[in-house]
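# Secondary and tertiary structure notes
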Amino acid sequence: MAPTSFSLLLALSLWGLAGWSFLLGLVMTLRVWFMGQLHFTLSWWAFVFPISAYVLDSRQLAAAGHIGWLDGWSDAFIVMMFLFFVIVLTGTVVGLVTGRLFHSKG
């Protein structure tokens, strides 16, 4: 079933809001991390999974709206998702090996 103009407009609007929210969260998180105030915890996995949903949404919107540049956009997010996954997986393994994974920094 082909999407209606309204549903496509609504989907693109929500997609844009999700992208803006992600960008804002990323900038704020990087700022705190570079200041040395953000230590690794298992909650870092929360960075990885929303990106995968955003990638899937981008692919669906690209196909539904025949928007070619959106495929390239989602490819960039696939690379970012992979980088986040590697960073968080590495932090998880290091935390497991050192025994600091389940100890809070209080």
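Residues numbered from 1 in each chain as written. Predicted model: local features only at pLDDT ≥ 70, side-chain atom pairs only at ≥ 80, totals over all residues. Heavy atoms only, no water.

With respect to the element layout, S74 can be found in helix α3 (residues 68-98). Discounting residues that sit within four places of it in the chain, S74 has contacts with V55, S58 and R59. (Helix = DSSP H or I, 4+ residues; strand = E, 2+ residues; numbered from the N terminus. Contact = heavy atoms within 4.5 Å.)

Take the nonpolar core next. Judged by nonpolar contacts, the single largest core of 17 residues is most densely connected at F22, I51, L70, F77 and F84. Residue assignment for this core shows that the elements contributing at least two residues are α1 (5-34), α2 (45-65) and α3. Among the elements that line this core, the one with the most residues is α2, at 7 residues. The contacts of F22, once residues within four sequence positions are left out, are I51, F77, M80 and F84. (Core = buried A, V, L, I, M, F, W, Y, C linked by side-chain atoms within 4.5 Å. Buried < 20%, exposed > 50% of the residue type's maximum accessible area, 1.4 Å probe, protein only.)

Taken together, the side chains of L42, V79, F82, L83, F85, V86, I87, L89, V93, L96, V97 and F102 present a nonpolar region at the surface, about 1,100 Å² in accessible area. Its place among the elements puts I87 in helix α3. Judged by relative accessible area, I87 falls into the partly exposed class, the value being 43%. (Patch = residues over 30% accessible without salt bridge, like charges linked within 9 Å, V, L, I, M, F, W, Y side chains within 5 Å. Areas by Shrake-Rupley, 256 points an atom, 1.4 Å probe, with all protein chains shown as cover. Salt bridge = Lys/Arg side-chain N within 4 Å of Asp/Glu carboxyl O.)

Another point: the environment of F40. Take F40: it is sitting in the loop between α1 and α2. Setting aside residues up to four positions removed in sequence, F40 forms contacts with V88, G91, T92 and L101.

What follows deals with the packing of aromatic side chains. For any pair of aromatic rings, the description consists of the separation of the ring centres together with the inter-plane angle of the planes. Within the structure shown, the criterion is met by 12 aromatic pairs. Plain terms: the ring middles of W15 and W69 are 6.3 Å apart, the flat faces sit at 65° to each other, and that makes the pair edge-to-face. Taken together, the residues span a long stretch of sequence, with W15 in helix α1 and W69 in helix α3 at a distance of 54 residues. Clustering of aromatic rings is evident, with ring pairs tying together W15, F22, Y54, W69, W73 and F77. (Phe/Tyr/Trp six-rings, centres within 6.5 Å; stacked < 30°, edge-to-face > 60°.)

Purely geometric numbers; function is a separate question.
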